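One-letter residues, chain by chain:
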Amino acid sequence: MRIGITCYPTYGGSGAVATELGLELARRGHDVHFISYASPFRLRGFAERVTFHEVTQLEYPLFEQSSPYALALAVKQHEVAKREQLDLMHVHYAIPHAATAWLAKQMLRNEGLDLKIVTTLHGTDITLVGQDPSYFTLTKFSIEQSDAVTAVSTYLREETYRAFGCGNCDVRVIPNFVSTSDYHPATDDSYRKRLAPKDHRVLVHVSNFRPVKRVTDVVKIFATVRKALPATLVLVGDGPDRDVAEQAVDSNGLRKDVRFLGKVEDVGDVLRGGDLFLLPSATESFGLAALEAMACAVPVVASAAGGIPEVVKDGESGFLVPPGDVPGMSERALRILKDSALQERMRRSAVQRALEFSADRVVPRYEHLYEEVLGQ
Ligand code: GMT
């Protein structure tokens, strides 16, 4: 098949999933065309059958800070679909991608071409941004107009029905997946050695540091753990709450045991050095970062919120605690870190659980959906 993929290129789960999906599809022999304003952060180097098309925008004084990116994207989606004879356009994160794909589809229809649209809902496009009155009607319309819609968890599908009604849409759940060639357990302690002193337990958090991630809770949990045993906290990523987190580290006197790595390309290399992954988000439709940690044999302490319980099994691959319950999360973190038998059992369960979300299992579900949409 000839597949167009539009996603946000920035550091975040939806762009990560879209890019990993494109790469897996290309490995399976499909031609994949990424269309966005910049090359997605996980699209590194050359990959056979993968092409990136950059959306270019005209700078014009009238636009000031409101350059109409969505229109330029629709034009590029139309252009690439026509020139590369795409069978379908798979857009990730509804806003504005599903709407621009619909525009491209209408332009192509006028030229006698039928471009199918598959929309994957990822999270705040449904739970937050899409429900804002400024986007609601268009989000609902573009979901309903898509030829197929997927959600990354059952929670997100139900939330879509609840918030949008979506009388005509049949939202399919296709969970996120993990590439086990990149995310796998460590075979020695070389990764850990690079992160922390030998006697330290290593706690890891990976996110885009948005308020929903509750990064200061990560620091508070670590402060309690640090009082009980030697430990290092490694934070990967960057975003609006980075400064708040840095301040929390300083005000708790934790600076010497906390490492902010910023945006890192090979997150698996960091995860492999970890003993515990923290994800205390207010909500997550899925929690891709937790899945990637589990694939690297790292147990998770996370919020019992949104779609996270569909990924992390409480008491098996980690512990789930209500969001905001910092004492509860700290207690669970210490329980795992102090009990090596429990930690070992959870490490094994985490890997087993992650294998249920391996690319080999999940990507064919997208291929089948594409075939269905194309009537093959
Ligand atoms: O929905 C968002 O706010 C952005 C998106 C992202 O690009 O990071 O995150 C969502 O999609 C990820 C991939 O499907 C999920 O793993 C995240 O749980 C989800 N984030 C939220 O629901 C807050």
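Residues numbered from 1 in each chain as written. Predicted model: local features only at pLDDT ≥ 70, side-chain atom pairs only at ≥ 80, totals over all residues. Heavy atoms only, no water.

K.L.:
Provide a residue-level description of helix α14 (residues 359-373), including the pertinent values.
P.N.:
Counted at 1.5 Å a residue, the expected span for α14 with its 15 residues is 21 Å, and the 21 Å between its end C-alpha atoms agrees. The complete set of buried residues in α14 reads Ala359, Val362, Val363, Tyr366, Glu367, Leu369, Tyr370 and Val373. Buried positions in α14, seen along its axis, are confined to an arc of 160° and lie on one side of it. Counted as exposed and oriented over 90 degrees from the buried face of α14: Asp360 and Arg361. Taken from the residues just after α14, glycine 375 is the one with a positive phi, measuring 70°. (Helix = DSSP H or I, 4+ residues; strand = E, 2+ residues; numbered from the N terminus. Expected span 1.5 Å × (residues − 1). Buried < 20%, exposed > 50% of the residue type's maximum accessible area, 1.4 Å probe, protein only. Arc of directions from axis to C-beta.)

K.L.:
So, the side chain of serine 207: which residues are in play, and what are the values?
P.N.:
Checked against the element boundaries, serine 207 lands in the loop between β8 (201-206) and α8 (215-228). Among the polar contacts made by the side chain of serine 207, one reaches the side chain of histidine 205 at a distance of 2.9 Å. Residues within four places of serine 207 in sequence aside, it is in contact with Tyr11, Lys213, Val215, Val236, Gly237 and Asp238. (Polar contact = N/O pair within 3.5 Å; in protein donor to acceptor, adjacent residues only side chain to side chain. Contact = heavy atoms within 4.5 Å.)

K.L.:
Could you give an account of the site of the ligand, naming the residues involved and the relevant values?
P.N.:
Taken together, 17 residues surround the ligand, and among them Gly13, Ser14, His122, Thr124 and Glu284 come closest. At a separation of 2.6 Å, an oxygen atom of the ligand approaches a polar backbone atom of glycine 13. Taking histidine 122, its side chain carries an N or O atom lying 2.7 Å from an oxygen atom of the ligand. One can see that the ligand is located within the largest pocket. (Near = heavy atom within 4 Å. 1 Å grid on protein atoms, 1.4 Å probe; cavity = no way out; pocket = protein on both sides within 12 Å on 5 of 7 lines; lining within 4 Å. Sits in = over half its atoms within 2 Å of the grid points.)

K.L.:
If you had to explain the packing of aromatic side chains to someone new, which residues and values would you point to?
P.N.:
In the structure shown here, the tally under the stated rule is six aromatic pairs. Ring geometry for phenylalanine 136 against phenylalanine 164: centres 4.9 Å apart, planes inclined by 15°, an arrangement best described as stacked. Here phenylalanine 136 is found in helix α5 (residues 136-145), whereas its partner phenylalanine 164 is found in helix α6 (residues 154-164), with 28 residues between them in sequence. Overall, the relative accessible area of 27% leaves phenylalanine 136 in the partly exposed class. The interplanar angle of 85° and the centroid separation of 5.9 Å between the aromatic rings of phenylalanine 286 and phenylalanine 357 together place this pair among those described as edge-to-face. Linking phenylalanine 286 in the loop between β11 (276-279) and α11 (288-295) with phenylalanine 357 in the loop between α13 (340-355) and α14, this pair joins segments that are 71 residues apart in sequence. (Phe/Tyr/Trp six-rings, centres within 6.5 Å; stacked < 30°, edge-to-face > 60°.)

K.L.:
How would you summarise the domain arrangement of the protein chain if you had to cite specific residues and measurements?
P.N.:
What the domain assignment lists for the protein chain is domain 1 (2-177 + 358-374) and domain 2 (190-355). For domain 1 versus domain 2, the distance between C-alpha centres works out to 30 Å. Every contact between the two is made by 20 residues of domain 1 and, on the other side, 23 residues of domain 2. Carbon and sulfur atoms make up 53% of the surface buried where domain 1 meets domain 2, a total of about 1500 Å² over both sides. Area buried by domain 1 at its contact with domain 2 is led by Tyr11, Arg44 and Tyr155, which between them contribute 45% of it. We note a salt bridge from arginine 44 to glutamate 265, for which the minimum N-O separation is 3.8 Å. Taken together, domain 1 and domain 2 are joined by nine residue pairs in polar contact (both at pLDDT 80 or more). Of all the elements in the fold, those that place two or more residues in the side of domain 1 that touches domain 2 are α1 (13-27) and α6. When grouped by side-chain class, the residues that make up the side of domain 1 that touches domain 2 number eight nonpolar, nine polar and three charged. (Domains from an automatic or database assignment. Buried area = accessible area lost by both parts, 1.4 Å probe. Salt bridge = Lys/Arg side-chain N within 4 Å of Asp/Glu carboxyl O. Nonpolar A, V, L, I, M, F, W, Y, C, P; charged D, E, K, R; others polar.)

K.L.:
Hey, could you go over empty space enclosed by the protein for me, with residue numbers and the actual values?
P.N.:
Counted according to the given criterion, the structure contains one cavity of 30 Å³ or more. Of the pockets and cavities examined, the largest cavity occupies roughly 50 Å³. Every residue lining the largest cavity is listed: Ala16, Val17, Glu20, Arg42, Phe177, Val178, Ser179, Tyr183, Leu288 and Glu292. Breaking the lining of the largest cavity down by element, the ones donating at least two residues are α1 and α11. Take the lining of the largest cavity: its biggest share by element is three residues, from α1. (Points joined across faces, edges and corners; volume = space filled by probe spheres on them.)

K.L.:
Describe the pattern of salt bridges, and please don't skip the residues or the numbers.
P.N.:
If you walk through the whole model with that rule in mind, you get 41 salt bridges. Where arginine 162 meets glutamate 159, a salt bridge forms, and the shortest distance between an N and an O atom there is 2.7 Å. With arginine 162 and glutamate 159 both in helix α6 and three residues apart, this pair spans about one turn of that helix. Given the relative accessible area of 14%, glutamate 159 is considered buried. Taking the shortest distance from any N to any O, the salt bridge between arginine 255 and aspartate 250 comes out at 2.8 Å. Judged by its relative accessible area of 35%, arginine 255 is partly exposed. On the basis of relative accessibility, which here comes to 45%, the residue aspartate 250 falls in the partly exposed class. Linked by salt bridges that have partners in common, Arg2, Asp31, Lys76, Glu79, Arg83 and Glu84 make up one network.

K.L.:
Quick one: what's the story with the sheet that holds strand β12 (residues 300-303), residue by residue and with numbers?
P.N.:
The strand order β10-β9-β8-β11-β12-β13 describes an open sheet built from six strands, whose pairing is parallel. The open sheet has two edge strands with one neighbour each: β10 (258-262) and β13 (318-321). Taking each pair of neighbouring strands and ignoring which way they run, the sheet shows an average axis angle of 20°. Looking at chain direction, β8 and β11 are connected through two bridges and run parallel. Bridge pairing links valine 204 to phenylalanine 277 in β11. Here α8 sits on the sheet and contacts β8, β9 (231-236), β10 and β11; the angle it forms with β9, its principal contact strand, is near 165°. Running over the sheet, α11 touches β8, β11 and β12 and is turned about 175° from β11. (Pairing = 2+ DSSP bridges. Axes fitted to C-alpha atoms, helices over the stretch in contact; angles between N-to-C directions.)

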